[in-house]
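# Chain and residue survey
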There are 2 protein chains.
Amino acid sequence: MRPAHRMLLAGAMTSAITGQLAAQASATSSDNRDNHIVAKAVRTAEALRDQMVTSDRAFDVLASLTTEVGPRLAGSTAERKARDWIIARLRTLPLDSVWTHELVVPRWERGVDEAEIVSPHAQRLVVAAFGFSVPTPTEGLIADVVRFPSLTAVTNATADQVRGRIVFVDRRMVRSQDGQGFALMGRDRGEAIATASRLGAQALLIRSAGTSQNRLAHVANIGYAPGVAPIPVAAISNPDADLLAAQVATGTPARVRLILRGHNVADGVSGNVIAELRGSERPDEVVLLGAHVDSWDLGTGALDDGAGVAIVLEAARRLSELRERPRRTIRFVFWGAEEIGLRGARAYAARELTALRQHVLALEPDQGAGRAYRLRGQLRGRDGAEMLRRTADLLAPVGIDYLPDPSIAGPDLIPLREKGIATLDVALDMTTFFDHMHSSNDTLDKVLPADFRISATAYAVVTYLAASWPGPIAGTSGTP
Amino acid sequence: MRPAHRMLLAGAMTSAITGQLAAQASATSSDNRDNHIVAKAVRTAEALRDQMVTSDRAFDVLASLTTEVGPRLAGSTAERKARDWIIARLRTLPLDSVWTHELVVPRWERGVDEAEIVSPHAQRLVVAAFGFSVPTPTEGLIADVVRFPSLTAVTNATADQVRGRIVFVDRRMVRSQDGQGFALMGRDRGEAIATASRLGAQALLIRSAGTSQNRLAHVANIGYAPGVAPIPVAAISNPDADLLAAQVATGTPARVRLILRGHNVADGVSGNVIAELRGSERPDEVVLLGAHVDSWDLGTGALDDGAGVAIVLEAARRLSELRERPRRTIRFVFWGAEEIGLRGARAYAARELTALRQHVLALEPDQGAGRAYRLRGQLRGRDGAEMLRRTADLLAPVGIDYLPDPSIAGPDLIPLREKGIATLDVALDMTTFFDHMHSSNDTLDKVLPADFRISATAYAVVTYLAASWPGPIAGTSGTP
């Protein structure tokens, strides 16, 4: 049994002590009325936490999404089906409004991807085209392979090394709890593709992100720089990258045949679904909790970002069903087309310019379904700091610590941060997340209900307390 | 650091003590000359153990096989390539003879396997045809799914349940170190197929063996009982079986479209490669160490049974390069066509009838590449027991215990056991073996060199001591 659970067993006693300490500390920073409001909000948050942390309802929501919708590529009818599924769930809740913003997005469809080493030792390879990769010629292409240790190395390649060849980028991702190794896997990708094309490479084969030992390729979105001839780009599974590297290492030129059939199709419609729970005291201030609806095409998008959708939906249910409304308005946002360039989130930021001025704080769980372990971020002002301290106290008993690191998760929050809106995140354990996301292995069985409970609880608690806090927190017009 | 390694660090001292104890114990059971021979053999075995346990040469052999040959389905040109690769390696060793027995085997080739749920919620499924499954009609078949908890349940089905449907067998394998859960996954499979066909089922979808959470199907060999109309049979990956079960559980009939394109092709040639190291004192007595050459088609057959091939090849190298020949003849046997019904092993037993009478003992590593943890088996007579006790003493310092359980591993040993030949095995840890074997995930990266060293060492040591033992051990003409 983990310490977090032992502490929960102390139940009512722990809550009482936390409440007392909270009340004492708060007395120095707010007037009596605010003290009372904070104490009451903390008690409500405690009750919310203690109910949610023993409930699998968020998991059940995720099971339903992955069973009934499954993969939902941006702009596809499956993504529309996911929006309809979300709206149907929201309609059952006592929310004030639910609406959709549609947007037109480019669309791409995967074909059958094939690759094989033809020499020195013929063997099949497991590959998958990156999203929006151009296809190879119909009959495929055959070329010698040149291996580079990283994308950055490709950007420094010479034409002699690359011309007429397939560029094989053989960088391994490092596994870590905070998943930072993933960011390095994409760095310089656009530039490497452009360089390879300019120097006359025929295609790129890039070792899959993630540390999985499965023969499944891990894809992502690519774009081609203007003026660069687009060349096919595919991910190769880690075991197949090992095999290819071993054949390259024999010294005999390794030749590979590659057929990618994915291609652009007519634009499609994506969209954001937005649900609002109006605040009781400061309805013009908005706390946003969002996640993205679309997924890659290979898995059922359980981790990326079905988990986030389920967390947000369950928070919407719990918070809308509370006896008393939070003081601020809460927006539950379900963005479309994240995977193909944050298109839903950018459209949201552009369309909601007026509302954005009222956005106080934004959060997005988009880190899989691992166990929450850290509240992360900083807020300006005495109230922001105090609110975070209280939130940290609320989350400590379920095994979540607090560090004032900059909040980094939530790609859909980038357009909001660009507008100066404060963000927080609850970091979920990403040790194995990247092994599955963006591959066909992104499925429900990778979610451990006991971990996911903690994560769903944390996001609901943070959102609730931020929306209920009486004083000005970061990003409000009242903040210095 | 594991105890086994700590003990090895004691090095020379441990060896000296073991040697003394061995010499004392042996005095009660053999004459002085035999005492001397045993002590010397134990010293040689200790040196062999201590050299092998710090060497990655067996791993390097396996890396070469998987890189240069890869998948090698029975009867294919790839299997022939594997035999040539083995023969080339054997020819570099000071063995007395190397020969091949060819045999004609039925052959089957996989096509592209496809499946999808068409209702209630359309989603793709990852499936793979069982070896020798008949194909579906070219356009595929569509039928409602009926779920059964086990193959045995299918054998008790009624026509009403099954007629016109796809039978979905949803039994999960249990993970264990000795891998016994795997045996249960195949039990009643032939009868279940026959029953389903007789009752009018259109096809079978069987949850993959292994406990892996990967979207990779795990295949095996099937046969159709005489007089039964053959129906298509496919394995479905565990996550996809979860999804299908969840859709079946909704209560709305789940319909699946299935296309299997694998089919029988013209017979091919398989074969056994046999290498002999003639004994110095009892050349007419044979200790056999074998493994199988063929693999399934999806992975590179690193675990099944590339690991065994590498163990046997490395034992052949180590034992043939010893300064003194073992007293008995050692046969290193590389069987073909194991996966499609022990065809190579049965041909060996039939062709080598005369030689079989001289077979004293047989071993086959065919349990993946996990760490050896247990010597298993019993031998008749005082010498057999004493030889096993000495072997156990030799293996204890590398973390291998001894239990007189019946030897169970080594499917190719079945035809030999049927002829009354004694077998032993060194059990390798199979906790994760079945997650990978028979799937495309059976690749080199699943092998941990530090574990594989122990396993290669153990098989060489047992084989050496059995071949060097002066007294009659089980199965010899001299044994009561």
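Note that this is a predicted model, so its numbers are computed, not measured. (Residues numbered from 1 in each chain as written. Chains lettered and ligands numbered in written order. Predicted model: local features only at pLDDT ≥ 70, side-chain atom pairs only at ≥ 80, totals over all residues. Heavy atoms only, no water.)

## Points about the sheet that holds strand 15 (residues 401–403) of chain A
Residue and element names in this part refer to chain A. Taken together, the three strands give an open sheet; going across it, the order is 15-14-16, and neighbouring strands pair in mixed fashion. Edge positions in the sheet fall to strand 15 and strand 16 (425–428), since each has one partner strand and no second. Here the strands of the sheet are splayed against their neighbours by 30 degrees on average, with no regard to which way each runs. Pairing analysis gives four bridges linking strand 14 (residues 372–376) to strand 16, with the strands arranged antiparallel. By the bridge assignment, R374 is partnered in strand 16 with A427. Packed onto the sheet, helix 14 (residues 381–395) meets strand 14 and strand 15 and runs at close to 170 degrees relative to strand 14. Against the sheet, helix 17 (residues 449–468) touches strand 14 and strand 16, its axis set at about 175 degrees to strand 16. (Pairing = 2+ DSSP bridges. Helix = DSSP H or I, 4+ residues; strand = E, 2+ residues; numbered from the N terminus. Axes fitted to C-alpha atoms, helices over the stretch in contact; angles between N-to-C directions. Contact = heavy atoms within 4.5 Å.)

## Some details on the relation of the copies chain B and chain A
Both copies of the chain are related by a screw-like operation: a rotation about an axis and a shift along it. Aligned on chain A, chain B shows an RMSD of 0.0 Å; the corresponding rotation is 180 degrees and the shift along the axis is 0.0 Å. The two molecules are tied by a two-fold rotation axis, judged by turn and shift. No C-alpha of chain B approaches the rotation axis more nearly than that of B:N214, which lies at 3.7 Å. Of the residues that chain B buries at the interface, 100% are likewise interface residues in chain A, meaning the two copies contact each other through the same surface. (Least-squares fit on C-alpha atoms with pLDDT ≥ 70 in both.)

## Overview of the packing of helix 3 (residues 32–52) of chain B against helix 17 (residues 449–468) of chain B
How two helices sit against one another is set out by the angle between their axes and by the gap between those axes. Residues and elements named next belong to chain B. The N-to-C vectors of helix 3 and helix 17 enclose an angle of 165 degrees; their axes lie 9 Å apart at closest approach. In terms of axis orientation, helix 3 runs roughly antiparallel to helix 17. Considering the relative orientation of helix 3 and helix 17, their crossing is right-handed. On helix 17, the residues touching I37, A41, V42, T44, A45, L48, R49 and M52 of helix 3 are R453, A456, T457, A460, V461, Y464, L465 and S468. Of the residues contributing to the contact of helix 3 with helix 17, the split by class is eleven nonpolar, three polar and two charged. (Parallel < 35°, antiparallel > 145°, perpendicular 65-115°, else oblique. Left-handed = near helix turned anticlockwise from the far one by under 90°. Nonpolar A, V, L, I, M, F, W, Y, C, P; charged D, E, K, R; others polar.)

## Points about the sheet that holds strand 10 (residues 263–277) of chain A
Residues and elements named next belong to chain A. Here we have five strands laid out as an open sheet, ordered 1-10-12-11-13, and mixed in their pairing. Across the chains shown, the open sheet's two edge strands, defined by having one partner strand only, are strand 1 (97–109) and strand 13 (359–363). If you compare each strand with its neighbour and ignore which way they point, the axes differ by 20 degrees on average. Direction of pairing for strand 1 relative to strand 10: antiparallel, over a ladder of twelve bridges. Across the sheet, L103 pairs through a bridge with S270, a residue of strand 10. Against the sheet, helix 12 (residues 343–351) contacts strand 1, strand 10, strand 11 (282–292), strand 12 (328–335) and strand 13, and its axis sits at roughly 135 degrees relative to strand 1. Running over the sheet, helix 17 touches strand 11, strand 12 and strand 13 and is turned about 165 degrees from strand 11.

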